[in-house]
6 protein chains.
Amino acid sequence: QPLSHIDGTGEARMVDVTAKQASERVAVAEARVCMAAGTLEAILAGNTPKGDVLATARIAGIMAAKRTGDLIPLCHPLPIGAVHIEITPQSEPPGFCLQATVKTRASTGVEMEALTAAAVAALTLYDMAKALQKDMTIEGVRLMRKSGGRSGDYVREPEP
Amino acid sequence: QPLSHIDGTGEARMVDVTAKQASERVAVAEARVCMAAGTLEAILAGNTPKGDVLATARIAGIMAAKRTGDLIPLCHPLPIGAVHIEITPQSEPPGFCLQATVKTRASTGVEMEALTAAAVAALTLYDMAKALQKDMTIEGVRLMRKSGGRSGDYVREPEP
Amino acid sequence: QPLSHIDGTGEARMVDVTAKQASERVAVAEARVCMAAGTLEAILAGNTPKGDVLATARIAGIMAAKRTGDLIPLCHPLPIGAVHIEITPQSEPPGFCLQATVKTRASTGVEMEALTAAAVAALTLYDMAKALQKDMTIEGVRLMRKSGGRSGDYVREPEP
Amino acid sequence: QPLSHIDGTGEARMVDVTAKQASERVAVAEARVCMAAGTLEAILAGNTPKGDVLATARIAGIMAAKRTGDLIPLCHPLPIGAVHIEITPQSEPPGFCLQATVKTRASTGVEMEALTAAAVAALTLYDMAKALQKDMTIEGVRLMRKSGGRSGDYVREPEP
Amino acid sequence: QPLSHIDGTGEARMVDVTAKQASERVAVAEARVCMAAGTLEAILAGNTPKGDVLATARIAGIMAAKRTGDLIPLCHPLPIGAVHIEITPQSEPPGFCLQATVKTRASTGVEMEALTAAAVAALTLYDMAKALQKDMTIEGVRLMRKSGGRSGDYVREPEP
Amino acid sequence: QPLSHIDGTGEARMVDVTAKQASERVAVAEARVCMAAGTLEAILAGNTPKGDVLATARIAGIMAAKRTGDLIPLCHPLPIGAVHIEITPQSEPPGFCLQATVKTRASTGVEMEALTAAAVAALTLYDMAKALQKDMTIEGVRLMRKSGGRSGDYVREPEP
């Protein structure tokens, strides 16, 4: 089974999608920022009324979704129709779960847009907290589900 | 201990670095792309002579390092002096480790540049393999070490 | 009446336009750069044959229209179909009126593209004249009319 | 007194700043978004705890400051050292005042960065409120003060 | 016969394509990098298994195709559907031929995208070899053929 | 003699320039757009007073110089200090010569910036004339001279 982005001689190419029909497509991806409990508390304390911590991460993720085709070399530029980033604090292990939902009406899917949005939102949250803790990690950047397109719907198996 | 990127009223700001002295700074970050053994084999098979798979991820990571200040809202634009991306296949668990090293002579560090380079290189590798496997994950996006600057050197504790 | 770009919990989102029908849409926006009479004269004198002053502002405005979705966080990227920037000197008060017309065939309108084009063209004109006068101002950045789309046509009321 | 960005034959150029000494420079610019009292109320109501309205405009302004050299054709790319955007609601006339402060250590000033940040933050606020009111205007985009550099400090005269 | 990008008064504009029907369009462009025989040998030697020289040029060309509307002021942003860059070493005269093929389904053609991809891939190859030879040249940046659209197909006449 | 942008295992990297001293550097590059005599005449006729043809190409070249590090994967981002584009009509063979001069104070040179500026200015001129003639070519994209830096000054040998 070949890699679609590599042609018969091993060279990178942008896959041809001009013959595919445009249809509505949705993808949902997640990422987690894992941190010490004290770091989590400090972020939540900073996110008081008017506090911009989570808003900054949301905006960064939304803007990154729109720039995916400019960041990932073999991605197609797509007319992004909607982006939503949901950020949820988690106590065990301490940190945040960032979920990105991206929609489009296009001839190819938006998995990479959702993954890029989740990853950049997570990097932005990391950036704002890195003065407090240097060994945070970003884990579990992954596709949760997608729908639309020829290859059918996909829902990630729940982890055991 | 306050969040440096948030001012006293909770509003986001770019921290003032104009009074800090420029000095040489290095940061090393890593990310892992975890996949099925068969996906790993297919990528390595596609990466024959002239095969562009890993080269594409390296180039994407290098270009992303230079664009960090444009992606992460509160990062300073920095005169990136060197970027190196090393991608190593791993058998247990199967996948790739991507390590990004970034250097600069500037008044603030390049942790975010190294983390962004590693994350975007990982997303690019994911993109090229996603036709083979939908449930790959990106794990362990984290800072390995940094040197230079007022806050001193940092080396990540080895995982137990 | 809620803000469309903010969801029920107060979080920013890109409004979903994937279900809307693409149709032809036009928006016209204006901005004025107000300056001393002597500054206006110097610009007009510099805009002799081969003089690039107004051309530079026009090109900047056209390019900014295409980059609106990358500048304004919650704007959709749109397939801009036409941009025209008209710059007219005015003697009372002295300065320039910049009018931007943007067209597209898309599922949402181009008001922000026209406003961004007019504002960036005005900033560019300001940049070229700022060595002559430091207290110029940009005034009246506003939508003049728009057509197409579900919400119907709009024509700005003439000022009394 | 000639236009510095236009050479002797009328052609646009980027002024040579390579021989100028780098020094600390600050610029402060403002813009106002003028709206109906009801629109102002709706925005303030939407800006409850967790409300992202003003945060989105702040982030857009900060990111635009960093991109000024890419938007305004004859501006130099500068190592932006700090950006702060302050947004204040005003009741008479109803609307918001957006003030951008930009700092750098460079061989030319950051007036255009401050003006661009204020203008893009204002456009972003406009974008989020435009579903409520179509005839808002952006007024008074102007430099308030600057310091540093050969041409000396500047403070705008208070309006009578 | 007038210049389409200049209106009746000599001012630049983006031509209106909103009334044109979207159809499949293809363009093929070429560029050559001419160098000493020794430089060619060194590049080919560096392009051993895992060697990234030509891959880097290919990726740069693909990414530039997607960014054409952001580089060439009066070009329309287009939904690029496929890009392929083929790089062939040539012995007489020594150097490389770079051929870019771009496809879209849009209301205007992709000649500029193909030419920009070929030119940027050539500049990237030049960049990687410039430490070896300072007097390389890029020649023959030109459209080879295009199809689709109202103006009909075009095939470049073979050179005599 | 190795390729500097490729490490010992054949992998692309950004060369480390952090230990190099910043100094003033200048590079001059040229490109030619070759066309039929009638196309040249039409462009010159369109470039009447207020005619934006050559100004558009100049602005595109200046903006591209600033974006070189974002286009050419292994180029360093540099604080461009000055850009000047000179466009000269030529009758034999008919067309235009575009000369780009770029200056900086940095730890590496600006050859690629000058070459990119000349190439993009040439592509922009091509874009504006392509409705008149499909078989124009861009020739002779090459470095004319450079000064500054460790490797000494370079002046291109005049062609015989």
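Remember, it's a predicted structure, so these values are computed and weren't measured experimentally. (Residues numbered from 1 in each chain as written. Chains lettered and ligands numbered in written order. Predicted model: local features only at pLDDT ≥ 70, side-chain atom pairs only at ≥ 80, totals over all residues. Heavy atoms only, no water.)

Asker: Talk me through the overall build of chain A; I want residue IDs and the actual numbers.
Answerer: When helices and strands are counted, chain A shows four helices and five strands. Along chain A, from the amino end to the carboxyl end, the secondary structure elements read β-α-α-α-β-β-α-β-β. Structurally, chain A occupies a C-alpha span of about 50 × 30 × 30 Å along its principal axes. Considering only contacts in chain A between residues 6 or more positions apart, those separated by 24 or more positions represent 70%. By element, 51% of the accessible surface of chain A is carried by carbon and sulfur atoms, the whole surface being about 5,500 Å². (Helix = DSSP H or I, 4+ residues; strand = E, 2+ residues; numbered from the N terminus. Contact = heavy atoms within 4.5 Å. Areas by Shrake-Rupley, 256 points an atom, 1.4 Å probe, with all protein chains shown as cover.)

Asker: Could you give an account of the interface of chain F and chain E, naming the residues involved and the relevant values?
Answerer: The interface is formed by 56 residues belonging to chain F together with 56 residues belonging to chain E. Counting the surface lost from both chain F and chain E, the interface buries some 4,700 Å², and carbon and sulfur atoms represent 64% of this. Per-residue buried area on chain F facing chain E is highest for Leu3, Leu123 and Lys134 of chain F; these three make up 14% of the total on that side. A salt bridge links Asp70 of chain F to Arg67 of chain E; its shortest N-O distance comes to 3.0 Å. On inspection of chain F and its partner chain E, the count reaches 16 residue pairs in polar contact (both at pLDDT 80 or more). Elements with a contribution of two residues or more to the side of chain F that touches chain E: helix H1 (37-46), helix H2 (53-66), helix H3 (68-71), helix H4 (111-129) and strand E4 (137-147) of chain F. When residues of the side of chain F that touches chain E are assigned to their parent elements, the largest contribution, twelve residues, is made by H4 of chain F. Per-class residue counts for the side of chain F that touches chain E are 29 nonpolar, 13 polar and 14 charged. One ladder, built from two bridges, connects strand E4 (residues 137-147) of chain E with E4 of chain F; its direction is antiparallel. Residue pairing across strands places Val141 of chain E opposite Ile138 of chain F, the latter belonging to E4 of chain F. (Buried area = accessible area lost by both parts, 1.4 Å probe. Salt bridge = Lys/Arg side-chain N within 4 Å of Asp/Glu carboxyl O. Polar contact = N/O pair within 3.5 Å; in protein donor to acceptor, adjacent residues only side chain to side chain. Nonpolar A, V, L, I, M, F, W, Y, C, P; charged D, E, K, R; others polar. Pairing = 2+ DSSP bridges.)

Asker: Before we move on, could you go through the pairing of E4 of chain E and cite the residues and values that matter?
Answerer: Residues in a regular strand point their side chains to alternate faces of the sheet. Residue and element names in this part refer to chain E. Taken across its eleven residues, E4 has eight buried, putting it largely inside the fold. As defined by bridge partners, strand E1 (residues 23-34) adjoins E4 across eight bridges and the pair is classed as antiparallel. Residue pairing in the sheet places Arg32 in a bridge with Glu139 of E4. Pairing of E4 with strand E5 (residues 154-155) involves two bridges; the strand directions are antiparallel. What sits directly across from Arg145, in E5, is Val155. (Buried < 20%, exposed > 50% of the residue type's maximum accessible area, 1.4 Å probe, protein only.)

Asker: Would you mind going over the relation of the copies chain F and chain E in detail, with residue names and values included?
Answerer: Take chain F, turn it by 180°, move it 0.0 Å along the axis, and it overlays chain E with an RMSD of 0.0 Å. Both chain copies can therefore be described as sitting about a two-fold axis. The rotation axis passes nearest to the C-alpha of Glu139 of chain F in chain F, at a distance of 2.2 Å. Both copies present the same face, since 100% of the interface residues in chain F are matched by interface residues at the equivalent positions in chain E. (Least-squares fit on C-alpha atoms with pLDDT ≥ 70 in both.)

Asker: Requested: an account of the pattern of salt bridges, with residues and values cited.
Answerer: For the structure shown, the criterion picks out 55 salt bridges over all chains. For Arg142 of chain D, the salt bridge identified is with Glu30 of chain D, shortest N-O distance 3.5 Å. Placement of Arg142 of chain D in strand E4 (residues 137-147) and of Glu30 of chain D in strand E1 (residues 23-34) is noted, with a sequence separation of 112 residues between them. Where salt bridges share partners, they join Glu24, Lys103 and Arg105 of chain A together with Asp16 of chain C into one cluster.

Asker: I'd like a rundown of the pairing of strand E2 (residues 80-91) of chain B, residues and numbers included.
Answerer: All names here are of chain B. Note that E2 and strand E3 (residues 94-106) share eleven bridges and pair antiparallel. Across the sheet, Ser91 pairs through a bridge with Pro94, a residue of E3. In this antiparallel pair of consecutive strands, E2 and E3, the connection spans two residues.

Asker: Help me get a handle on the nonpolar core, residues and values and all.
Answerer: One recurring pattern in soluble globular proteins is that nonpolar side chains are buried together. Counting 330 residues, the largest nonpolar core has Leu125 of chain A, Leu125 of chain B, Leu125 of chain C, Leu125 of chain D together with Leu125 of chain E as its most contacted members. With sequence-adjacent residues up to four places away left out, Leu125 of chain D is seen in contact with Val33, Val53, Leu54, Ala57, Ile87, Phe96 and Leu98 of chain D. (Core = buried A, V, L, I, M, F, W, Y, C linked by side-chain atoms within 4.5 Å.)

Asker: Break down the packing of helix H2 (residues 53-66) of chain A against helix H4 (residues 111-129) of chain A for me, with residues and values.
Answerer: All names here are of chain A. The geometry of H2 relative to H4 is characterised by a closest axis approach of 7 Å and an angle of 145° between their N-to-C directions. For the pair H2 and H4, the sense of crossing is right-handed. Between H2 and H4, the residues in contact are Val53, Leu54, Thr56, Ala57, Ala60, Gly61, Ala64 and Ala65 and Glu113, Thr116, Ala117, Val120, Ala121, Thr124, Leu125 and Met128, respectively. Residues belonging to the contact of H2 with H4 are distributed by class as follows: eleven nonpolar, four polar and one charged. (Axes fitted to C-alpha atoms, helices over the stretch in contact; angles between N-to-C directions. Left-handed = near helix turned anticlockwise from the far one by under 90°.)

Asker: A description of the arrangement of the chains should follow, citing residues and the corresponding values.
Answerer: At the level of C-alpha atoms, the two units chain B and chain C stay apart, their nearest approach being 10 Å. With no contact formed, the shortest span from any C-alpha in chain D to any C-alpha in chain E equals 10 Å.

Asker: Give a description of the packing of H2 of chain A against helix H2 (residues 53-66) of chain D that names residues and reports values.
Answerer: H2 of chain D packs onto H2 of chain A with a crossing angle of 60° between their chain directions and a minimal axis gap of 9 Å. Of the possible angle classes, the one that applies to H2 of chain A and H2 of chain D is oblique. When you trace H2 of chain A past H2 of chain D, the crossing you get is right-handed. Contacts between H2 of chain A and H2 of chain D involve Ala55, Thr56, Ile59 and Met63 of chain A from the first element and Ala55, Thr56, Ile59 and Met63 of chain D from the second. (Parallel < 35°, antiparallel > 145°, perpendicular 65-115°, else oblique.)

Asker: Could you give me a rundown of the side chain of Arg142 of chain A, with the residues and numbers involved?
Answerer: When its relative accessible area of 8% is taken as the criterion, Arg142 of chain A is described as buried. Looking at Arg142 of chain A, its side chain comes within polar contact range of the main-chain oxygen of Gly140 of chain A, at 2.7 Å. Setting aside residues up to four positions removed in sequence, Arg142 of chain A forms contacts with Val28, Ala29, Glu30, Arg32, Leu115, Arg156 and Glu159 of chain A together with Met136 and Thr137 of chain B.

Asker: Which residues make up the environment of Ala100 of chain A, and what values do they have?
Answerer: Residues and elements named next belong to chain A. With respect to the helices and strands, the residue Ala100 is situated in strand E3 (residues 94-106). Separated by 72 residues in sequence, Ala100 and Val28 place their C-alpha atoms 5.6 Å apart. Not counting residues within four places of it along the chain, the set of residues in contact with Ala100 comprises Ala27, Val28, Ala29, His84, Ile85, Ala114, Ala117 and Ala118.

Asker: Any chance you could break down helix H2 (residues 53-66) of chain E for me, citing the residues and the numbers?
Answerer: Residues spaced three or four apart along an α-helix face the same direction, because each turn holds 3.6 residues. Between its first and last C-alpha, H2 of chain E extends 21 Å over 14 residues, near the 20 Å set by a 1.5 Å rise per residue. Burial of H2 of chain E is extensive: 14 of the 14 residues sit out of reach of the surface. (Expected span 1.5 Å × (residues − 1).)

Asker: If you had to explain the side chain of Thr39 of chain D to someone new, which residues and values would you point to?
Answerer: Structurally, the position occupied by Thr39 of chain D is in helix H1 (residues 37-46). By relative accessible area, which is 5% here, Thr39 of chain D ends up buried.

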